[in-house]
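Working through the structure, step by step
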Amino acid sequence: MYGFEALTFNIHGGYLEAIVRGHRSGLLTVADYNNLCQCETLDDIKMHLSATEYGPYLQNEPSPLHTTTIVEKCTLKLVDEYKHMLCQATEPLSTFLEYITYGHMIDNVVLIVTGTLHERDVQELLEKCHPLGMFDSIATLAVAQNMRELYRLVLVDTPLAPYFSECITSEDLDDMNIEIMRNTLYKAYLEDFYKFCQKLGGATAEIMSDLLAFEADRRAVNITINSIGTELTRDDRRKLYSNFGLLYPYGHEELAVCEDIDQVRGVMEKYPPYQSIFAKMSYGESQMLDKAFYEEEVKRLCLAFEQQFHYAVFFAYMRLREQEIRNLMWISECVAQNQKSRIHDSVVYMF
Amino acid sequence: MGESSSWSRALVQISPYTFASIGIAISIGVSVLGAAWGIYITGSSLIGAAIKAPRITSKNLISVIFCEAVAIYGVIVAIILQTKLESVSDSQLYAPESLRAGYAIFASGIIVGFANLFCGLCVGIIGSSCALSDAQNSTLFVKILVIEIFGSALGLFGVIVGIIMSSQATWPAKTA
C-alpha cells in the first residue's frame, strides 16, 4: 500500500536508512570542489581531501601520488561503506543492495574477456576490475574461448546467469561481439532490476522506476550514437534497447533508424524531459552530451533523498559516490597534466 | 423460549462488567501499542543517524519522551477507569443505569486507546524525520519539534474526552 510504508519500514530498514543519509552528508560540496580545482599538485589535492571524509584513506599514501592511487583509495571507501551496509541488511534490502553491483560485475566480465583477447596478463586485469563487482571465479574467465564456454564454465554460478539466455551464441569472441554481449547483459540486468523494484512496490517502486527509466533511455541514446557508422544493423540495435522507459516503444523505433546525431536530437526533442538536455548543446556537438546526461542524473538522484522510508536512497547514494569519484579522477588528471583550464568541462556539482 | 434471537438482544445480554473491563484493557493495551510503535520508529532512525552526528542523541530523546508520554496517558486513564468500577446487586445488573455505566467505561477506554495509538504513531514518524534532519542541519530541530508538539496534543484530546465520558459512569445505587 503506497503511503503507509512509514509504519513498518523502520523495523528492518530504519537503521540503515539513517546510516546512508549520514554518508550522504559526507559527499563533497561545491566549496570542496572549488578548493580542489585550485590545487596545483596532487599533494595539494591529498591535503584538501584529508580534511574531508577521505582523510583516513589517503593519509598513509607515500608522497609521489598517482591519480590511480587517489581513485583507488576513494573507491575503497565506497566499497567499505557498501560492505558494512550489506552485512547489516536483511531481505529484501540485501537483494536490492546486491542488484546495485551487478552492473559492475558485467563491466568486470567484459574487461577480463576483452583483455584476454588482447593478450594481457590476467593478474593485471584483475587489478583493474572494480572491487564492487568481484566474484569468486572471476579469474577463470580468461580461459573461455566463446560465449557458450564462458557461460558454462564461469557465469552459470554467478548472479549474472539468468541474463545470458539472450546472448549465448557459438561465435568466437571478438571486439564487436563483446560489446554486443555487454549491452545485452546490461539490458537484461536493467529489466530484471526494474521488475524487482516493481515487486517491492510503494515509494521504492515509484522512485526506482524513474531512475532506472532514465538509465535505460540514456543507454539507448549512447548505443545509438556509438553505433552510427559501424556494422551494427538496425535490428541488432533495436534488440539492445531495454523494454521500459520513456522512449519505449516509439522512441526506440525512431532511434533505431537514426544515422547521425542531428537525427538523434530530433527524436529526443519530442520528449520534454530530454529536450532540456539537448537544448544545452548547440548543433553538431556531442562531447557535452555525456556531461549533460550526468548532470540530469545527479539532479534526479538528489531528489530521491527528499522522501523517507524507501530503498532508492541506497541506489542514489551509490551512484552519487561513483559520480564523485569520477569528478575526483577528472580533477586529479587535469591537475597532474597541468590542464587546469579544462577542469570545469567535466565536473558535475552535486550540492 | 419463543422469542426471536438477534444480535441486539445478544449484545444487551452481555454483562456491563465485561464491557467495562474490556474498556480498561483497551485503554492501557492499545496506548502501549501506540507508544511502542512510535518509539521503535524513532529509535532506529536516531541510532543510525547518531553514528555520523553524535550530538543529536540528547536532544532527540525528546521524541522518545513524547511517545512514552502516550503510554503514561493510557496508564492514568486505566487507573481512573478502574476506580469507577463498582459492584451492583444482581437484580440491577441489567438495569439501564448499569448498562449505561458499563458502556461509558468501555467507550472511554476505546477513545483513549485509539487516540493514543495514532498519537504515538504520529510522534514516532515525525521523530524519525526530526532525527535525520537534525543530523544534517541543526537549525531544523526546534522547528520540527513544534510539529511533534502538535502531534502529541492528539493524545491529550483523547484523554480529556475519555475522562469526561467516564465521569458520568454512575452505577445504580444499591437498594437496601
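Note that the structure is a prediction, hence the values are computed from the model and not measured.

Conventions used here
Residues numbered from 1 in each chain as written. Chains lettered and ligands numbered in written order. Predicted model: local features only at pLDDT ≥ 70, side-chain atom pairs only at ≥ 80, totals over all residues. Heavy atoms only, no water. Helix = DSSP H or I, 4+ residues; strand = E, 2+ residues; numbered from the N terminus. Rg over C-alpha atoms; globule rule 2.2 N^0.38 Å. Buried < 20%, exposed > 50% of the residue type's maximum accessible area, 1.4 Å probe, protein only. Contact = heavy atoms within 4.5 Å. Buried area = accessible area lost by both parts, 1.4 Å probe. Polar contact = N/O pair within 3.5 Å; in protein donor to acceptor, adjacent residues only side chain to side chain. Nonpolar A, V, L, I, M, F, W, Y, C, P; charged D, E, K, R; others polar. 1 Å grid on protein atoms, 1.4 Å probe; cavity = no way out; pocket = protein on both sides within 12 Å on 5 of 7 lines; lining within 4 Å. Points joined across faces, edges and corners; volume = space filled by probe spheres on them. UniProt positions renumbered as here; feature names shortened; annotations may be inferred. Phe/Tyr/Trp six-rings, centres within 6.5 Å; stacked < 30°, edge-to-face > 60°. Lys NZ or Arg CZ within 6 Å of the ring centre and 35° of its normal. Arc of directions from axis to C-beta. Core = buried A, V, L, I, M, F, W, Y, C linked by side-chain atoms within 4.5 Å. pLDDT = per-residue confidence, 0-100. Salt bridge = Lys/Arg side-chain N within 4 Å of Asp/Glu carboxyl O.

Turning next to the overall build of chain A. Looking only at helices and strands, chain A features 16 helices and zero strands. In summary, chain A has a C-alpha radius of gyration of 21 Å against a globular reference of 20 Å for 351 residues, a match within 12%. Overall size of chain A, expressed as C-alpha extent along the three principal axes, is 55 × 50 × 45 Å. Out of the 351 residues in chain A, the part that is buried amounts to 52%.

It is worth spelling out the interface of chain B and chain A at this point. In many reports, interface size means the accessible area that the parts give up when they come together. Between chain B and chain A, the contact holds 16 residues from the first and 17 residues from the second. Buried area between chain B and chain A, summed over both chains or domains, comes out near 1300 Å², and the portion from carbon and sulfur atoms is 59%. In terms of surface lost to chain A, no three residues of chain B exceed Lys 52, Leu 132 and Gln 136 of chain B, which account for 38% of the buried area on that side. Across the contact surface, chain B and chain A share ten residue pairs in polar contact (both at pLDDT 80 or more). A total of ten residues in the side of chain B that touches chain A trace back to one element, the largest contributor, which is helix α2 (residues 16-52) of chain B. Here the side of chain B that touches chain A is built from residues that sort into nine nonpolar, six polar and one charged.

This paragraph deals with the layout of surface pockets. Residues and elements named next belong to chain A. Put simply, the largest pocket is a space of about 1700 Å³. Going through the elements one at a time, α5 (67-88), α6 (93-117), α7 (122-128), α9 (175-200), α10 (202-227), α15 (287-303) and α16 (312-336) are the ones with two or more residues in the lining of the largest pocket. When its residues are assigned to classes, the lining of the largest pocket shows 18 nonpolar, twelve polar and 18 charged.

Here we come to the UniProt feature "transmembrane region" (unreviewed entry) in chain B. Residues and elements named next belong to chain B. UniProt marks residues 20-40, 61-81, 101-128 and 140-165 with the feature "transmembrane region" (unreviewed entry), using the numbering shown here. Counting secondary structure, residues 61-81 comes out at 100% helix and 0% strand; the distance between its end C-alpha atoms is 30 Å. Here residues 101-128 runs as 100% helix and 0% strand, with 41 Å between its end C-alpha atoms.

All names here are of chain A. Using the criterion set out here, one finds 22 aromatic pairs over all chains in the structure. Relative to Phe 293, the ring of Phe 214 lies with its centre 6.0 Å away and its plane at 65°, an arrangement referred to as edge-to-face. Of this pair, Phe 214 sits in helix α10 while Phe 293 sits in helix α15; the two residues are 79 residues apart in sequence, bridging distant segments of the chain. With relative accessibility at 1%, the residue Phe 293 sits in the buried group. Above the ring of Phe 305, the side-chain terminus of Arg 24 is found at 5.1 Å from the ring centroid. In this structure, Lys 77 is placed above the aromatic ring of Tyr 54, and the distance from its NZ or CZ to the ring centre is 5.6 Å.

Residue and element names in this part refer to chain B. In this numbering, the UniProt entry assigns the feature "domain: V-ATPase proteolipid subunit C-like" (unreviewed entry) to residues 22-81 and 106-165. Secondary structure across residues 22-81 comprises 95% helix and 0% strand; the distance between its end C-alpha atoms is 11 Å. Structurally, residues 106-165 is divided into 95% helix and 0% strand, and its ends, taken at the C-alpha atoms, are 10 Å apart.

Residue and element names in this part refer to chain A. Among all positions in helix α14 (residues 272-279), only Tyr 274, Ile 277 and Phe 278 are buried. Down the axis of α14, the buried set is contained in an arc of 90°. They therefore lie on one face. Facing away from the buried side of α14, by more than 90 degrees, are the exposed residues Pro 272 and Ala 279.

To continue, consider empty space enclosed by the protein. All names here are of chain A. Summed over the entire model, instances satisfying the criterion amount to two cavities of 30 Å³ or more. Every element with two or more residues in the lining of the largest cavity is listed here: α9 and α10. If you tally residues by element for the lining of the largest cavity, the top one is α10, at four residues. The residue makeup of the lining of the largest cavity, split by class, is six nonpolar, two polar and two charged. In this structure, the second largest cavity occupies an estimated 50 Å³ of space. Looking at the second largest cavity, the residues that line it are Leu 211, Phe 214, Glu 215, Glu 297, Arg 300, Leu 301, Phe 315 and Arg 319. Listed by contribution, the elements that provide at least two residues to the lining of the second largest cavity are α10, α15 and α16.

Moving on: the nonpolar core. Where a protein is soluble and globular, its nonpolar side chains tend to be buried together. All names here are of chain A. If you look at the biggest cluster of nonpolar residues, it comprises 91 residues, and the most contacted ones within it are Phe 96, Phe 193 and Phe 314. With 13 residues, α16 is the single largest residue contributor to this core. In contact with Phe 96, not counting residues within four places along its chain, are Phe 193, Phe 196, Cys 197, Leu 200, Thr 204, Met 208, Tyr 311, Ala 312, Phe 314 and Phe 315. Within the second largest apolar cluster, 23 residues are counted, among which are Ile 225, Tyr 241, Tyr 274 and Leu 289.

A word on the side chain of Arg 21 of chain A. Looking at the element boundaries, Arg 21 of chain A is found in helix α1 (residues 5-24). Contact partners of Arg 21 of chain A, with chain neighbours within four places excluded, come to Phe 305, Gln 307, Gln 308 and Val 313 of chain A together with Leu 132 and Gln 136 of chain B.

We now examine the confidence of the model for chain B. Interpreting fine coordinate detail is not advised for predicted regions of low pLDDT. The share of residues in chain B with pLDDT of 70 or more is 97%, and the mean pLDDT across the chain is 92. With pTM at 0.92, the complex prediction returns an ipTM value of 0.88.

So, on to the environment of Ala 144 of chain A. Residue and element names in this part refer to chain A. Here Ala 144 lies in the loop between α7 and α8 (147-153). Judged by its relative accessible area of 11%, Ala 144 is buried. When the C-alpha positions of Ala 144 and Val 154 are compared, they lie 8.6 Å apart, and in sequence the two are ten residues distant. Excluding its chain neighbours within four sequence positions, the residues that come into contact with Ala 144 are Glu 149 and Leu 150.

On to the pattern of salt bridges. Considering all chains together, one arrives at 25 salt bridges over all chains under this definition. For the salt bridge of Glu 40 of chain A with Lys 340 of chain A, the shortest nitrogen-to-oxygen distance reads 3.5 Å. Taken together, the positions of Glu 40 of chain A in the loop between α2 (30-37) and α3 (42-49) and Lys 340 of chain A in the segment after α16 put the pair 300 residues apart, joining distant regions of the chain. Between Glu 215 of chain A and Arg 218 of chain A there is a salt bridge whose closest N-O contact spans 3.4 Å. In this pair, Glu 215 of chain A and Arg 218 of chain A both sit in helix α10, three residues apart, roughly one turn of the helix. Each member of the pair, Glu 215 of chain A as well as Arg 218 of chain A, is classed as buried. Here the salt bridges share partners, and the residues they tie into one network are Glu 53, Lys 77, Glu 81, Arg 321 and Glu 324 of chain A together with Lys 52 of chain B.

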